[in-house]
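Take a look at the letters that make up each chain.
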Amino acid sequence: MYGILFFLLSVCVCMRGNNGEKEELPKIVIGGSLYAPYFYRDVSGSYAGIDAELAAEACRRIGY
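Here the structure is a predicted model, which means the values were calculated and not measured.

Caption draft 1: Quick look at the overall build of the protein chain. Regarding its fold elements, the protein chain presents two helices and two strands. Each helix and strand of the protein chain, ordered N terminal to C terminal, gives the series α-β-β-α. Taking all 64 residues of the protein chain together, the buried fraction comes to 9%. Accessible area for the protein chain stands at about 6,200 Å²; split by element, carbon and sulfur atoms hold 62% of it.

Following this line, the structure appears as structure tokens:
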């Protein structure tokens, strides 16, 4: 009985919001070697290639 009560209490505490405040995330620096087709700059100057796509997906999955 106390285990269930403790579990529900901990879930409620974890679900408490931050009142709409945006949490500032630390900056992530990802390095790579310019080697097409894995990692290169496209015509607009942005990084592209499979390594850039994998890094972007990994960052998206952890909340960046």
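Caption draft 2: Summary view of the packing of aromatic side chains. Counted under the stated rule, the structure contains two aromatic pairs. Aromatic pair F39 and Y47: ring centres 5.0 Å apart, planes at 10°, arrangement stacked. For Y47, a relative accessible area of 46% corresponds to the partly exposed category.

Caption draft 3: Region of interest: the pattern of salt bridges. Tallied over the full model, the rule gives two salt bridges. Taking the shortest distance from any N to any O, the salt bridge between E57 and R60 comes out at 2.5 Å. Taken together, the residues span about one helical turn, with E57 and R60 both in helix 2 (residues 50–61) at a distance of three residues. Linking R61 and E57 is a salt bridge whose minimum nitrogen-to-oxygen distance equals 2.8 Å.

Caption draft 4: Summary view of a nonpolar patch on the surface. On the surface, a cluster of nonpolar side chains totalling about 470 Å² of accessible area is made up of L25, I28, I30, I62 and Y64. Tracing the backbone through its elements, the reader meets I62 in the segment after helix 2. Assessed through its relative accessible area of 58%, I62 is described here as exposed.

The rules behind each value
Residues numbered from 1 in each chain as written. Predicted model: local features only at pLDDT ≥ 70, side-chain atom pairs only at ≥ 80, totals over all residues. Heavy atoms only, no water. Helix = DSSP H or I, 4+ residues; strand = E, 2+ residues; numbered from the N terminus. Buried < 20%, exposed > 50% of the residue type's maximum accessible area, 1.4 Å probe, protein only. Areas by Shrake-Rupley, 256 points an atom, 1.4 Å probe, with all protein chains shown as cover. Phe/Tyr/Trp six-rings, centres within 6.5 Å; stacked < 30°, edge-to-face > 60°. Salt bridge = Lys/Arg side-chain N within 4 Å of Asp/Glu carboxyl O. Patch = residues over 30% accessible without salt bridge, like charges linked within 9 Å, V, L, I, M, F, W, Y side chains within 5 Å.

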